[in-house]
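Summary of the model geometry
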Amino acid sequence: MKSGEKILCPHCGEKSFLKEKKCFDDSFALKEVTFFCALCGGEIRNSSEKSPAPSKAAAAAERLSALLGGEKVARVTFAPEADDGHFCLHCRNFIKHPFMNRCGLTLKEVEATDSCERFEKSEE
Ligand SMILES: [Zn+2]
């Protein structure tokens, strides 16, 4: 990366170019060089470092599979916005009630934030 390099800015989405900003420490030694979008000023990181971090859902699936002795949990599918996990709130068997929420499968009291392995995603 260098100053003036053309980029497609991930912040503003415009075709822009890099602006360089040098940071010096107290003894005026060059500490680091950071790059910014010339249009919006958003910081641009080296594109080669852009390996996407594993999503929360993937990490959770990984942990679960580790718990089960490394076996892949193929049955468990995550919705795109899977941050909600398998909360009973999102389960089609969840029976909402002002005083006591129930699970339609076990008929036991559940919390909206409970989760269970018989989770079935609500169609709503
Ligand atoms: Zn920008």
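Just so you know, these numbers come straight off a predicted model, no measurement behind them. (Residues numbered from 1 in each chain as written. Predicted model: local features only at pLDDT ≥ 70, side-chain atom pairs only at ≥ 80, totals over all residues.)

Quick notes on unusual backbone geometry
- The residue Phe28 is not glycine, and still its phi comes out positive at about 60 degrees.
- For Phe28, a count of 7 C-beta atoms within 10 Å puts it in the exposed group.
- For Leu107, which is not glycine, the phi dihedral falls at a positive 60 degrees.
- Assignment of secondary structure puts Leu107 in the segment after strand S6 (102-103). (Buried ≥ 20, exposed ≤ 12 C-beta atoms within 10 Å, placed from the backbone. Helix = DSSP H or I, 4+ residues; strand = E, 2+ residues; numbered from the N terminus.)

Notes on helix H1 (residues 56-67)
- Spanning 12 residues, H1 covers 16 Å between terminal C-alpha atoms, matching the ideal 16 Å at 1.5 Å per step.
- Counted residue by residue, H1 has zero buried out of 12 residues, so it is predominantly exposed.
- The first or second residue beyond H1 is Gly69, which carries a positive phi of 80 degrees. (Expected span 1.5 Å × (residues − 1).)

What about the pairing of strand S2 (residues 15-24)?
- As defined by bridge partners, strand S1 (residues 6-8) adjoins S2 across three bridges and the pair is classed as antiparallel. Among the inter-strand pairings, Leu8 is bridged to a residue of S2, identified as Lys15.
- Two elements, S2 and strand S3 (residues 30-37), share seven bridges in a ladder whose sense is antiparallel. Residue Lys21 lies in a different strand from S3, and its bridge partner there is Thr34.
- In textbook terms, the turn of a hairpin is the stretch between consecutive antiparallel strands, and for S2 and S3 this stretch comprises five residues, one of which, Phe28, has a positive phi near 60 degrees. (Pairing = 2+ DSSP bridges.)

A closer look at the environment of Glu20
- Among the secondary structure elements, Glu20 is positioned in strand S2.
- Classification of Glu20 by C-beta neighbours within 10 Å gives partly exposed; the count is 13.
- Taking C-alpha positions, Glu20 is 7.2 Å from Lys2, a pair spaced 18 residues apart along the chain.
- Glu20 has contacts with Ser3, Val33 and Phe35, leaving out every residue within four places of it along the chain. (Contact = placed C-beta atoms within 7 Å.)

What to know about the confidence of the model for the protein chain
- Residues at a pLDDT of 70 or more form 79% of the protein chain, whose mean pLDDT is 80.
- Taken together, the stretch residues 78-82 has pLDDT below 50 and engages in three contacts with residues farther than four places along the chain or on a different chain. (pLDDT = per-residue confidence, 0-100.)

Focus on the sheet that holds S3
- In space, the four strands of this open sheet follow the order S1-S2-S3-S4, with antiparallel pairing throughout. The sheet terminates laterally at S1 and strand S4 (43-44), the two strands that pair on one side only.
- Examined bridge by bridge, S3 and S4 share two bridges and lie antiparallel to one another. Looking at the pairing, Phe36 lines up with Glu43 of S4.

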